[in-house]
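Commentary on secondary and tertiary structure
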Amino acid sequence: MRNNSSIKLQYIRNLFAKEQEKIEKYCTFGKKQCIQITPEEGKLLSIFIKSRNVKSIVEIGTLYGYSSICMARALPEDGHIYTIENNSQHSGIAKENFCLLNLNSKITLMEGIALEKLDELSIKAPFDMIFIDADKGNYTKYLDWAESYIKQGGLIIADNTLLFNTVFLESVPKDKGNYTKYLDWAESYIKQGGLIIADNTLLFNTVFLESVPKGVSEQSWRCMREFNQRLSDEEKYYSILIPTEEGMTVSLKL
Ligand SMILES: C[S@@+](CC[C@H](N)C(=O)[O-])C[C@H]1O[C@@H](n2cnc3c(N)ncnc32)[C@H](O)[C@@H]1O
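I will try to describe carefully the structure that is included in this document.

Rules used throughout
- Residues numbered from 1 in each chain as written.
- Predicted model: local features only at pLDDT ≥ 70, side-chain atom pairs only at ≥ 80, totals over all residues.
- Heavy atoms only, no water.
- Axes fitted to C-alpha atoms, helices over the stretch in contact; angles between N-to-C directions.
- Helix = DSSP H or I, 4+ residues; strand = E, 2+ residues; numbered from the N terminus.
- Parallel < 35°, antiparallel > 145°, perpendicular 65-115°, else oblique.
- Contact = heavy atoms within 4.5 Å.
- Nonpolar A, V, L, I, M, F, W, Y, C, P; charged D, E, K, R; others polar.
- Phe/Tyr/Trp six-rings, centres within 6.5 Å; stacked < 30°, edge-to-face > 60°.
- Buried < 20%, exposed > 50% of the residue type's maximum accessible area, 1.4 Å probe, protein only.

Regarding the packing of helix 6 (residues 114–121) against helix 7 (residues 139–149)
- Interhelical geometry of helix 6 versus helix 7 gives an angle of 0° and a closest axis separation of 11 Å. When the axis of helix 6 is compared with that of helix 7, the two are roughly parallel. Here Ala114, Leu115, Leu118, Asp119 and Leu121 of helix 6 lie close against helix 7, whose contacting residues are Lys141, Tyr142 and Trp145.
- For the contact of helix 6 with helix 7, the per-class residue count stands at six nonpolar, no polar and two charged.

Pasting the structure below:
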C-alpha cells in the first residue's frame with residue numbers, strides 16, 4: 001500500500017518519471033490501484049531493462065497492467081513480456097489497457113495460476129528478467145523457477161520484499177487480537193485519572209491500511225525471509241533490497 005501523495009515523491013516524479021505518470025493517466029484502474037507500483041518504480045524497472053539490454057521478461061502479478069506497460073515501453077521493438085494474472089476482473093482491465101496503448105504485440109497476458117503458467121513458459125526459457133509481484137507466500141517457489149529459467153547475467157526483481165515492514169523483525173508479529181478485551185478490563189478497573197498505555201498500536205505499520213495486508217501470515221513471513229536470504233548469497237547473486245516504501249529486491253544472477 002503506497003503513499004502516493006508526499007511532496008518528496010511528487011518532486012521526484014515531476015522531474016524523473018513524467019512519462020510513467022502520463023501512462024497512469026491513460027489507463028483504466030479498479031479499486032486496488034494502490035497496490036500497483038509507483039511511476040518512479042516503473043522508471044526504475046525501465047532503467048534496468050534499458051541498461052541490461054533486456055528483451056524477454058516474465059512478470060508474476062499483472063493487476064491492471066500498469067507495471068507491464070511501463071516495462072513494455074522500455075523494451076526494444078523485438079522485446080516481449082509474458083505477464084501472469086489469476087483474477088479475471090484484474091486481467092479484464094489489463095487487457096483493455098494493453099489494447100488502448102497498442103501494446104498487444106509486446107505483451108502476452110496469461111490468465112491462470114502463476115506456478116502453472118510458469119511451467120508452460122519453461123519451454124521458452126531462458127529469459128532475461130523476472131518481475132515478481134504477487135502472492136507473498138510463494139516467492140521462494142517463484143525463485144526456484146527463476147534459478148532454472150533466468151539467464152546468467154539476468155535480473156530477478158521482486159516487489160514487497162519488506163513484507164509491510166515485518167520482514168526484518170526477529171519473530172513473526174504476534175497476534176494483538178486481545179487488545180480490546182484488555183481495554184474492556186481496563187475500562188472497569190483503572191482509576192479515573194489513571195493511565196492506559198498500550199505498545200505496538202501501529203501493528204507493524206499496518207493499522208492505518210484500508211484492509212488487512214494479505215499475507216502477513218507466519219508462512220509468508222518465513223517465505224519472504226528465506227527469499228531475501230537466498231538472494232543475498234554472493235556466490236550466486238549480486239543483490240540489493242532497495243528500501244522503497246514496499247521494498248524491492250533486485251538481483252543480478254551471476
Ligand atoms: C500487487 S498486484 C500486481 C501489481 C502490478 N504488478 C503493478 O504494479 O501494476 C498482485 C497481483 O497478483 C495477482 N496474483 C496473486 N497471486 C497470484 C497467483 N498465484 N497467480 C497469478 N496471479 C496472482 C493478484 O490477483 C494481483 O492482481
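Description of the packing of aromatic side chains
- Applying the stated criterion to the full structure yields eight aromatic pairs.
- Judged by centre distance (6.0 Å) and plane angle (75°), the ring pair of Tyr82 and Phe127 falls under edge-to-face. With Tyr82 in strand 2 (residues 80–85) and Phe127 in strand 4 (residues 127–132), this pair connects stretches of sequence that are 45 residues apart. Taken individually, Tyr82 and Phe127 each receive the classification buried, so the pair is uniform in this respect.
- Ring plane angle 35° and centroid distance 5.9 Å describe the contact between Phe127 and Trp145, whose orientation is recorded as tilted. One end of the pair, Phe127, is in strand 4; the other, Trp145, is in helix 7, and 18 residues separate them in sequence. The pair Phe127 / Trp145 is uniform in exposure class, with both members buried.
- The rings of Tyr82, Phe127, Trp145 and Tyr149 are connected pair by pair, giving a single aromatic cluster.

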